[in-house]
Amino acid sequence: QVQLVESGGGLVQAGGSLRLSCAASGRTFSSYVMGWFRQAPGKEREFVAAIRRTGSYTDYADFVKGRFTISRDNAKSTVYLQMNSLNPEDTAVYYCAAKDYGLESVEPSEYDYWGQGTQVTVSS
């Protein structure tokens, strides 16, 4: 098992930046594909980005391409989400998730472990 704790959320003006972190503890961090998802009020949880175990490959939702960057530091058991050019539509609770087997996925149901989430609010 792995435990995930997100941090770095907050209130930011449109056009600003935030860096989210997700610290993992428990089983070997490098054995997991890691993903970031978000959920806005009244909406379903949606895929944001994912990164493979070695960091060799990343995948992004179309609406964040060119603005967000996912990265990981396996030595620190941490995955990051650098978010630039934020807009009010990015307001949501952001979750990190760990996937035990296989490759990255955009489906939340395929991830095995979840953090508690961190709120990101972008004001206009």
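Structure: see above.
Described below are features of the structure shown in this document. (Residues numbered from 1 in each chain as written. Predicted model: local features only at pLDDT ≥ 70, side-chain atom pairs only at ≥ 80, totals over all residues. Heavy atoms only, no water.)

Leu-4, Met-34, Trp-36, Leu-81, Met-83 and Tyr-94 are the most contacted members of the largest nonpolar core, which has 37 residues in total. Contributing elements (two or more residues each) for this core: strand 1 (2-7), strand 3 (18-26), strand 4 (33-39), strand 5 (46-51), strand 7 (68-73), strand 8 (78-83), strand 9 (92-99) and strand 11 (118-123). Apart from the residues lying within four places of it in its own chain, the contact partners of Met-34 are Leu-4, Cys-22, Phe-29, Ala-49, Ala-50, Ile-51, Ile-70, Arg-72, Val-79, Ala-97, Ala-98 and Tyr-111. (Core = buried A, V, L, I, M, F, W, Y, C linked by side-chain atoms within 4.5 Å. Buried < 20%, exposed > 50% of the residue type's maximum accessible area, 1.4 Å probe, protein only. Helix = DSSP H or I, 4+ residues; strand = E, 2+ residues; numbered from the N terminus. Contact = heavy atoms within 4.5 Å.)

The full count for this structure, using the stated rule, is 1 disulfide. Each sulfur in the disulfide pair Cys-22 and Cys-96 lies 1.9 Å from the other. Given an S-S torsion of about 40 degrees, the disulfide between Cys-22 and Cys-96 has right-handed geometry. A residue pair is termed long-range when its members are at least 10 positions apart, and Cys-22 in strand 3 and Cys-96 in strand 9 qualify at 74 residues. Overall, the relative accessible area of 0% leaves Cys-22 in the buried class. When its relative accessible area of 0% is taken as the criterion, Cys-96 is described as buried. (Disulfide = S-S within 2.5 Å.)

Here we come to the sheet that holds strand 3. Pairing in this open sheet of 4 strands is antiparallel, and the strands run 1-3-8-7 from one edge to the other. Two strands close off the open sheet at either side, each with one partner strand: strand 1 and strand 7. In this sheet, neighbouring strand axes are inclined to one another by 15 degrees on average, regardless of whether the strands run parallel or antiparallel. Where strand 7 and strand 8 come together, 6 bridges link them in antiparallel fashion. When the sheet's bridge partners are listed, Ser-71 is paired in strand 8 with Tyr-80. (Pairing = 2+ DSSP bridges. Axes fitted to C-alpha atoms, helices over the stretch in contact; angles between N-to-C directions.)

Turning to the environment of Glu-104, a few remarks are in order. Topologically, Glu-104 is positioned in the loop between strand 9 and strand 10 (113-114). As a C-alpha pair, Glu-104 and Ser-30 span 74 residues in sequence and 14 Å in three-dimensional space. Among all residues touching Glu-104, those that are not within four sequence positions of it are Val-33, Ala-50, Arg-52, Tyr-57, Asp-59 and Tyr-111.

Before going further, it helps to examine the side chain of Asp-100. With respect to the secondary-structure elements, Asp-100 resides in the loop between strand 9 and strand 10. A distance of 2.9 Å separates polar atoms of two side chains, one belonging to Asp-100 and the other to Arg-27. In this structure Asp-100 touches Arg-27, Ser-31, Tyr-32, Arg-53, Asp-112 and Tyr-113, once residues within four positions along its chain are discounted. (Polar contact = N/O pair within 3.5 Å; in protein donor to acceptor, adjacent residues only side chain to side chain.)

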